[in-house]
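The lines below spell out each chain.
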Amino acid sequence: MPENTIPEITSAPSQLGKPPQLRNVGTPSTVELQEHATLLAAATSDNTRRAYRSAIQHFLAWGGALPADEPVIIHYLLAHAAALNPRTLALRLTALSQWHVHQGFPDPASLPTVRKTLTGISRVHGKPKKKAKALPVEDLERIIVALEQFDTVKAKRDSALLQIGFFGGFRRSEVASLEVEFIKWQAEGIAITLPRSKTDQEGEGIVKAIPYGDDVCCPATALRTWLAAAGITSGPIFRRVDKWGKIGADALHESSVNTILAECAKQAQLDYVPELSSHSLRRGMATSAHRAGADFRDIKRQGGWRHDGTVQGYIEEASQFEENAAGSLLRRNSDNQ
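Quantities reported herein were computed from a predicted structural model and do not represent experimental measurements. Every chain is numbered on its own, with residues counted from 1 as its sequence reads. Given that the model is predicted, a residue must reach a pLDDT of at least 70 before its local features are reported, and side-chain atom pairs must reach 80 or more before they are shown or counted; all residues, however, enter totals for whole chains, interfaces and linings. For side-chain calculations, the full set of non-hydrogen atoms in the structure is used, while hydrogens and water are omitted.

Student: When you look at the packing of aromatic side chains in this model, what are you seeing that I'm missing?
Tutor: Two descriptors summarise a pair of aromatic rings, namely the distance from one centre to the other and the angle between the planes of the rings. Aromatic rings from Phe, Tyr and Trp, taking only the six-membered ring of Trp, are treated as a pair when their centres fall within 6.5 Å; an angle between ring planes under 30 degrees marks them as stacked, one over 60 as edge-to-face, and anything in between as tilted. If you walk through the whole model with that rule in mind, you get six aromatic pairs. With centroids separated by 6.0 Å and ring planes inclined at 35°, the aromatic side chains of F59 and W62 adopt a geometry described as tilted. Here the residue F59 and the residue W62 both occupy positions in helix α2 (residues 46–62), the gap between them amounting to three residues, near one helical turn. Per-residue accessibility, obtained with a 1.4 Å probe over protein chains only, is compared with the maximum for each type, and a residue is labelled buried under 20%, exposed over 50%, and partly exposed between these values. On the basis of relative accessible area, F59 is assigned to the buried category, the value being 0%. Assessed through its relative accessible area of 27%, W62 is described here as partly exposed. Ring centres 5.2 Å apart and planes at 80° place the aromatic pair F59 and Y76 in the edge-to-face group. In this pair, F59 sits in helix α2 while Y76 sits in helix α3 (residues 70–80), placing the two residues 17 residues apart along the sequence. Summarising the burial analysis for this pair, F59 and Y76 share the class buried. One Lys or Arg, K133, reaches over the ring of Y272 and ends 5.0 Å from the middle of that ring. Geometry around W185 places R224 over its ring, the cationic atom sitting 4.0 Å from the centre. In this description a helix means any DSSP run of H or I spanning at least four residues, a strand means any run of E spanning at least two, and both kinds are numbered starting from the N terminus. We call a charge positioned over a ring when the NZ of a Lys or the CZ of an Arg lies within 6 Å of the ring centre and within 35 degrees of the ring normal.

Student: What is the right way to read the pairing of strand β5 (residues 247–251) from this model?
Tutor: Sheet faces and side chains relate simply in a regular strand, where the side chains alternate between the two faces. The criterion for strand pairing is that DSSP finds at least two bridges linking the strands in question. With two bridges connecting them, strand β4 (residues 239–241) and β5 associate as antiparallel partners. Bridge assignment links V241 to a residue of β5, and that residue is I247. Taking the residues that link successive antiparallel strands as the turn, the β4-β5 hairpin has five residues, and the phi of G245 there is positive, at about 85°.

Student: Please explain the environment of S159 as it appears in this structure.
Tutor: Tracing the chain through its elements places S159 in helix α7 (residues 153–167). Residue classification places S159 among the buried positions, given a relative accessible area of 11%. In sequence terms S159 and A222 are 63 residues apart; their C-alpha atoms lie 6.5 Å from each other.

Student: For this particular structure, what's the right way to read the side chain of S280?
Tutor: Here S280 is to be found in helix α11 (residues 279–291). Note on contacts: a residue pair is in contact if any heavy atoms of the two residues lie within 4.5 Å. Beyond its immediate stretch of four places on either side in the chain, S280 contacts A132, K133, A134, L135, L261 and E275.

Student: Would you explain the state of the cysteines in this entry?
Tutor: Joining two cysteines, a disulfide is a covalent bond between their sulfur atoms. Any cysteine sulfur atom paired with another within 2.5 Å is treated as part of a disulfide. Inspection of the entire model under this criterion finds zero disulfides. The structure places no disulfide on C218, whose sulfur is separated from the nearest cysteine sulfur, that of C217, by 8.9 Å.

Student: Help me out: how do you make sense of the nonpolar core in this one?
Tutor: Put simply, a nonpolar core is a bunch of buried Ala, Val, Leu, Ile, Met, Phe, Trp, Tyr and Cys residues held in one set by side-chain atoms that sit within 4.5 Å of each other. Counting residues in each nonpolar core, the largest one holds 54 residues, and the members touching the most others are I143, I164, L178, W226 and F238. Elements supplying a minimum of two residues to this core: α6 (137–147), α7, β2 (189–194), α9 (219–230), α10 (256–267), α11 and α13 (308–318). In contact with W226, not counting residues within four places along its chain, are V153, K156, R157, A160, I232, I237, F238, R239, V241 and I247. In this structure, A81, L93, V114 and L118 belong to the second largest nonpolar core, which totals 19 residues.

Student: What should I look at first to understand the packing of α11 against helix α12 (residues 296–303) in this one?
Tutor: Think of two packed helices as two axes; the pair is described by the angle between the axes and how far apart they sit. Lines fitted to the C-alpha atoms define the axes, with helices restricted to the stretch that makes contact. Angles between their N-to-C directions range from 0 to 180 degrees. Two elements in contact, α11 and α12, have axes whose closest approach is 10 Å; the angle formed by their N-to-C orientations is 165°. When the axis of α11 is compared with that of α12, the two are roughly antiparallel. Between α11 and α12 lies a crossing of right-handed hand. From α11, R282, M285, A286, A289 and H290 reach across to α12, where they touch I299, Q302 and G303. The labels follow the angle: roughly parallel below 35 degrees, roughly antiparallel above 145, roughly perpendicular from 65 to 115, and oblique for the rest. Take the far helix as your reference; a near helix turned counterclockwise from it by less than a right angle gives a left-handed crossing, and one turned clockwise gives a right-handed crossing.

Structure representation (structure tokens):
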């Protein structure tokens, strides 16, 4: 069910000699209504819109109807309380709320009884949030060394993609959508401009600098090697490579980043492949940078995080054994010797 629906214009002024329909200054034209619909759609990110659409479809497939009422929504929550994560139910409740608001109907999803029902479900059925395991820089280096054994364009692409994704702290949608025109080569490394991101929906642009490396990893060198091998001079940087080594014209789908990381980690014989996802690159950059002595502000800026709490969580994860009260007790005898 679409969001932000604008009533469809079923007739328009004829241009074949008939007099145009009169309208006052406050009456929008067909073109204006279409432009308004486009602007309303742009106010919500594509990922959010897809999530809301999926939530509405799930509600309808269950047997719900729109507009809905309070008893039906509570019944929907109870029907899925044990099977679905409460965070998933909260997202679907938000989607239902947004649908009613934007369609001009009373919003039953915001009623106190509905919200209290969700709170109760969270307390009874709540589960720890599943987190992607951070990929330490040492294991990224293992992956890069393993890829160097394969003299193929695919291996060169994978090496560049993983290094750029890791050291740039990119989200998978960001790294998959990078284009040659976004890259500026400089004496110190590369500056990558993101014209739009999750935390920059207005398109002001975010620039991320990645210096040259002097060890196993060097994202700039890996990127140059891939572009040269693929003959890419404009457009999408990371593209599909088939089993015959033929390179596609379109950008990789963002979900491919997960697959590529898993395949490469398996080749490097990492023993926690099922725990990895594309987010492991961002988490790995943050935790590894903290261990290497990077400043909190610099880590936050490189990853493009909006909230300090998110970065602080990664840092606490990285130092959970170093800054540890139990460790101080367990090591007290050796410290006194």
